[in-house]
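Here are the chains, one letter per residue:
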Amino acid sequence: VQQQLEEARDRYADLYDFAPMGYLTLEETGRITEINLTGAAMLGDERANIIGKPFPARLALKDNQLFFLYLNRVFHSDGTSNIVTEVKIKRGNIEHDVRLESAPMKGTAGQGRNCRMVMTDISEQKRTTGVLQQTRSAQEALLSTIPAMTFFKDMDLRYTAVSQASADFFGRPPADILGKTNF
């Protein structure tokens, strides 16, 4: 039984510490009481240097007030659903976008209130979204100014974008053409 308990503990520790996202426990003041190894790596420091320190000290300065408003919402929620926000954390001189998802924990008599938090790095998603938005803006600018019949189609040959010249040729507004095929 002792061996099974030790194996279960080891599996839990492995799951907690090496999950693909940061797990934290915070006090109502924002002080970190627990963090997994992934979370410590996301913050760019050793776990021992993070525990007991305020989480907002790891944030971009402009996000401190937003974080405290978020934490207030977490602790005043009923705990039936997670509260979500996005902030920037500092890792050296570089800021990274992270998504925080938190829920309050049930307190023990005589102890302060805590919350559980999941921290996910969304920097790459934000960068990709920005590039995609730039590409779409360039595409829209091209389609709105080019005097020729120009269009984009997807793999099923459905129109995904059309120039005004194409819309005029079909005798329909662009919204009526999008998502349709030639047939």
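Residues numbered from 1 in each chain as written. Predicted model: local features only at pLDDT ≥ 70, side-chain atom pairs only at ≥ 80, totals over all residues. Heavy atoms only, no water.

Caption draft 1: Up close: the environment of Met 21. Relative to the helices and strands, Met 21 resides in the loop between helix 1 (2–17) and strand 1 (22–27). In this structure Met 21 comes out as partly exposed when scored by relative accessible area, which is 26%. Taking C-alpha positions, Met 21 is 6.6 Å from Gly 39, a pair spaced 18 residues apart along the chain. Those residues in contact with Met 21, other than ones at most four positions away along the chain, are Asn 36, Thr 38, Met 42, Val 118, Met 119 and Thr 120. (Helix = DSSP H or I, 4+ residues; strand = E, 2+ residues; numbered from the N terminus. Buried < 20%, exposed > 50% of the residue type's maximum accessible area, 1.4 Å probe, protein only. Contact = heavy atoms within 4.5 Å.)

Caption draft 2: Structural view of the environment of Ala 103. Of note, Ala 103 is situated in strand 4 (residues 94–104). According to the relative accessible area criterion, Ala 103 is buried, its value standing at 15%. For the pair formed by Ala 103 and Met 117, sequence separation is 14 residues and the distance between their alpha carbons is 6.8 Å. Other than its neighbours up to four places away in sequence, Ala 103 contacts Val 74, Asn 82, Cys 115 and Arg 116.

Caption draft 3: Quick peek at the nonpolar core. Judged by nonpolar contacts, the single largest core of 23 residues is most densely connected at Leu 26, Phe 55, Phe 67 and Leu 100. Counting residues per element, the ones that place at least two in this core are strand 1, strand 2 (32–35), helix 2 (37–43), helix 4 (64–75), strand 3 (83–91), strand 4 and strand 5 (114–121). Considering every element that reaches this core, the biggest residue donor is helix 4, with five residues. The residues touching Phe 55, leaving out its near neighbours within four places in the chain, are Leu 24, Leu 26, Gly 30, Ile 32, Leu 43, Phe 67, Ile 89, Leu 100, Met 117 and Met 119. (Core = buried A, V, L, I, M, F, W, Y, C linked by side-chain atoms within 4.5 Å.)

Caption draft 4: Representation of the pattern of salt bridges. Summed over all chains, the structure comprises ten salt bridges. Notably, a salt bridge pairs Arg 58 with Asp 45, separated by 3.1 Å at the nearest N-O pair. With Arg 58 in the loop between helix 3 (47–50) and helix 4 and Asp 45 in the loop between helix 2 and helix 3, this pair connects stretches of sequence that are 13 residues apart. For Glu 101, the salt bridge goes to Arg 99, with nearest N and O atoms at 2.7 Å. With relative accessibility at 24%, the residue Glu 101 sits in the partly exposed group. Given a relative accessible area of 31%, Arg 99 falls into the partly exposed group. (Salt bridge = Lys/Arg side-chain N within 4 Å of Asp/Glu carboxyl O.)

Caption draft 5: Representation of the pairing of strand 4 within the structure. Where strand 3 meets strand 4, nine bridges bridge the pair, whose relative direction is antiparallel. Residue pairing across strands places Thr 85 opposite Leu 100, the latter belonging to strand 4. Between strand 3 and strand 4, which follow one another and run antiparallel, lie two residues, and Gly 92 among them has a positive phi close to 70 degrees. Bridge count for strand 4 against strand 5 is seven bridges, and the pairing is antiparallel. The partner of Glu 101 across the bridge, within strand 5, is Val 118. (Pairing = 2+ DSSP bridges.)

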